[in-house]
Amino acid sequence: SGTTLNAMSPGGRVDAIFGFCDIMHFTDTTEVLQDEVMVFVNRIAHIVHTCVKEFFGNPNKNMGSAFLLVWRLSGHPAKKQQKLADMALIALIKIVAQIAISPTLSSYRVHHK
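Conventions used here
Counting restarts for each chain: residues are numbered from 1 in the order of the written sequence. Only residues with pLDDT of at least 70 get local features here, since the model is predicted, and only at 80 or more are side-chain atom pairs given and counted; chain-wide, interface and lining totals rely on the full set of residues. Computation of side-chain values: all heavy atoms of the structure, hydrogens and water removed. Think of it this way: DSSP has to see at least two bridges between two strands before they count as a pair. Numbering of helices and strands runs from the N terminus; a helix is a DSSP stretch of H or I covering at least four residues, while a strand is a stretch of E covering at least two. Salt bridges are counted wherever a side-chain nitrogen of Lys or Arg sits within 4 Å of a carboxyl oxygen of Asp or Glu. Burial classes: relative accessible area under 20% of the type maximum marks a residue as buried, over 50% as exposed, and values in between as partly exposed (1.4 Å probe, protein chains only).

Let us now look at the pairing of strand S2 (residues 58–62). Judged from the four bridges that link them, S2 and strand S3 (residues 66–72) form a sheet pairing that is antiparallel. In the sheet register, asparagine 58 faces S3, and the bridge partner there is valine 70. Between the end of S2 and the start of S3, which pair antiparallel, lie three residues, with glycine 64 showing a positive phi angle near 75°.

Taken as a whole, this structure holds two salt bridges when the rule is applied. The salt bridge partner of glutamate 54 is lysine 94, with a shortest N-O separation of 2.8 Å. Of this pair, glutamate 54 sits in helix H2 (residues 37–54) while lysine 94 is found in helix H3 (residues 78–101), placing the two residues 40 residues apart along the sequence. Owing to a relative accessible area of 41%, glutamate 54 belongs among the partly exposed residues under this scheme.

Structure below.
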């Protein structure tokens, strides 16, 4: 088809803000929830993705218990870059708050052994 990847082509600089959200005690959570662990992760992912998109970021990658989030700054004027930096911080704060008050996640806070 004529399309090839040239790994030696020059790259370009991209300025961005990266956020990293990690689900604490994920190994223990996996042991307790077993088959339901993906439901738990998907519920957290919904909150993370919603908050990040609301504040003009992009959920970039999920690595099991962690989420990589990106706010691209390149191509924006300095004033907008500052606003994007503020929005990235607000998004991360909102993620923590939404997880703390989520009625859907409240049932996971108590484990009866």
